[in-house]
Structures are given as C-alpha cells and as structure tokens.
Amino acid sequence: MLAWARISGVSVRARLINDVALPLSGMKRKARDADGMRRRIALHRRVEPARPSVWLRRKYRIEADRRDGSEVFTIHPRGACSGTTILYLHGGAWVFDVLGPHWRIVDALIARTGARVILPRYPLAPESTWRDTYAFLERLMATVCADGRGNLIVAGDSAGGCLSLGIAQRLLARREKLPAGLLLFSPALDLTFSDPGVHTIAPRDPMLAVPGCRAAARFWAAGTPLSDPQVSPLFGRLDGLPPVAIITGTRDLLHPDALRLHRALAQAGQGVALYRYPEQCHVFVGAPIPEAARALDEAGAFIRACVATQPARIRA
C-alpha cells in the first residue's frame, strides 16, 4: 500500500467509509430505537436477501436448497477443495437477512482456505426467536455438518458471531463433537450492551447505536432476560471450547465486549487470538479496504492452523 493511502496508520478508504459514507447513509439514525428498527426490518423484508452475483456464480459452484423451511447456500470452489468446511453465520442484528458484504467475506475466506462454505438463512426475529434459530442450527449441524467436524470451522460476524459461540456452547453442553475452531468477526456477545466501554465508544461508532441494538436483541430474546447465557454467550461456559479467533475494530461499540471475551477465554485456559484494528468500524472485514484484506489474511491463517492441528483420524 502506498504511503499516501494511509493517515495515522488508517487507510484513506477506511476513513472515507467511517467518516463520510456511513454517516451519510443514515444507518445509525434510522435504527436508533425500537420503532426505527421495526421500520428498517419492514424495508429489508421487501428486498432481502442479497443473492450471489453473476461473477460469484461463475467463480464458484453455488447450490441452494431448503432445510426446515429455510434456504441454505453451499458454495464450492471450482478447483480442488482443501477439505475444510466453513459454516458461516451471517450478521444482521438477528433481524436482517444476508447482505452484500457477507458474500464479500465468503469469497475472501474461500480464496484463502480453499474451503467450501455453508451459508444458511437462519430464522430471524421478530418472526422467530432465539429458540427457533438455535433449533434450526442444531438440526443443520446434525445433518450437513454431522461428520468430519475436525475439518469444520464455525464463523460469523456480529449476530452471527453471537450464534457461532452460542452453538458451540450448546454442543459442548450436550457433549457432542465440536468444530475445529470458532472465527468471530465483531461479535455481539452481551446483549445488555451495559459495559461502560460500550457507551464510551458509541458516539464514535458510525454504524451502530445502543438503543437500536438493544431493541433488536429484545425482538430475538422474546422475553428471555438479555443477560441470560442462552442469548448472551459471554455469560455462558467458556472452558472446553475449540480455539477462538476474535477480529474487532476500536470504533465498534461491541469492541469492549470482544475484549472481555478474550480475557475470559484466556483466564479459562482457552486457545484464543485477538486481532484489534484501530479506528475500524463494525464488521469492517466486509468493506473493500486494506485493513479488511489483512484481517481476512489472519482469518485464513487461523482456519488453516485449526484444521492442520486436528488428528488425522478426525480429518479423514
């Protein structure tokens, strides 16, 4: 990257997105409370989901089928596959469907790992609750991801990061086979959004507002207390999990909770890697910026390392 393309260690492209494009989009303002969130949900339902582009369909072999009434995409490399499977759980505050940046992330992960990716359109709130979402994911893992979990990485961004950690905790509680690793991009972990650091960062976050996030969480929790470990995995069991990688930006109001998860996992003796990106916003890995490319390189290295360390008998 040329020197002129960076200001104080942050790329010009990232600054344009954080300081110009996102504020002008009105994203934060439009979902600042429960009513605003409901309006955004209604709007998104008319246009969701984002479909893989013609270019992606030429680049990969993409299948779409329905499982338990929900669409599930499976994206295969057209060349040799590494044998790794990534179950990718998209973000969207538990209420929004697949968005364009999710396809950018999927493309980047396949390019770096040679994996096939399973991308489910899991049940969303407010039509469904956390019980429906996890029940669907458990059935999906019991079928599509039943064998070879030594080759499986569960990854997700934002609400999908919440689900990735949550499904691993549920597997652990039932003493089922665990995936080889968990990859969390800007994960939502504490749905109370009560950490003082969250409110310190909130004015500088160009995308998220605490009231809107809390409203979406309440839709999904459907009466369950937001501090319940079943909806806030930061408060759930953190020992006995597979290796975890957390990728987070410091202008994301969820950043303090990512730091809390890192500390808690380390204290529990877990293998955990934390990648902090200064001045980056929520799920910056989905943006066309140099910082995203570097973070995705680190994600690819993590995935390859997790699968490589699995016993051969599990990988077979």
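Refer to the preceding data block for the structure.
Let me sum up the structure you'll find in this document. Computed from a predicted model, the values in this text were never measured in an experiment.

Calculation criteria
Residues numbered from 1 in each chain as written. Predicted model: local features only at pLDDT ≥ 70, side-chain atom pairs only at ≥ 80, totals over all residues. Heavy atoms only, no water. Helix = DSSP H or I, 4+ residues; strand = E, 2+ residues; numbered from the N terminus. Contact = heavy atoms within 4.5 Å. Pairing = 2+ DSSP bridges. Axes fitted to C-alpha atoms, helices over the stretch in contact; angles between N-to-C directions. Salt bridge = Lys/Arg side-chain N within 4 Å of Asp/Glu carboxyl O. Buried < 20%, exposed > 50% of the residue type's maximum accessible area, 1.4 Å probe, protein only. Phe/Tyr/Trp six-rings, centres within 6.5 Å; stacked < 30°, edge-to-face > 60°.

Topologically, His 255 is positioned in helix α10 (residues 255–267). With 74 residues separating them along the chain, His 255 and Gly 181 place their C-alpha atoms 21 Å apart. If near-sequence neighbours (up to four positions away) are discounted, His 255 is found in contact with Ile 201, Thr 248, Gly 249, Thr 250 and Arg 276.

Now for the environment of Lys 177. With respect to the helices and strands, the residue Lys 177 is situated in the loop between α7 (159–173) and β8 (181–185). With 27 residues separating them in the primary sequence, Lys 177 and Gly 150 have C-alpha atoms 8.5 Å apart. If we ignore the near neighbours within four places in the chain, the residues touching Lys 177 are Arg 149 and Leu 171.

This part is about the sheet that holds strand β6 (residues 116–120). Read across the sheet, eight strands follow the order β3-β4-β6-β5-β7-β8-β9-β10 without closing on themselves; strand pairing throughout is mixed. Either end of the sheet is taken by a strand with one partner, and the two such strands are β3 (60–67) and β10 (272–277). Neighbour-to-neighbour, the strand axes of the sheet open up by a mean angle of 15°, direction not taken into account. Two elements, strand β5 (residues 85–89) and β6, share three bridges in a ladder whose sense is parallel. Within β6, the position partnered with Leu 87 by the bridge is Ile 118.

Attention shifts here to the pattern of salt bridges. This model, assessed by the stated rule, comprises 20 salt bridges. With a closest N to O distance of 2.6 Å, Glu 138 and Arg 170 form a salt bridge. Taken together, the residues span a long stretch of sequence, with Glu 138 in helix α6 (residues 130–143) and Arg 170 in helix α7 at a distance of 32 residues. Between Arg 260 and Asp 195 there is a salt bridge, with its nearest N and O atoms 3.7 Å apart. Note that Arg 260 is positioned in helix α10 and Asp 195 in the loop between β8 and α8 (196–201), a separation of 65 residues in sequence. The exposure classification of Arg 260 matches that of Asp 195, with both residues buried. A network of salt bridges, in which partner residues are shared, links Arg 51, Glu 71, Asp 97 and Arg 121.

Throughout the structure, instances matching the rule amount to four aromatic pairs. Pairing Phe 73 with Trp 103 gives two aromatic rings, centres 5.2 Å apart and planes at 80°, and the pair type is edge-to-face. Pair noted here: Phe 73 is in strand β4 (residues 70–77) and Trp 103 is in helix α5 (residues 100–113), with a separation of 30 residues, a long-range link. Between Tyr 277 and Phe 284, the ring centres sit 5.1 Å apart and the planes meet at 45°, which makes this aromatic pair tilted. Taking the relative accessible area as the measure of exposure, Phe 284 reaches 2% and is therefore buried. Among the aromatic residues, those joined into a cluster by ring pairs are Trp 94, Tyr 134 and Trp 220.

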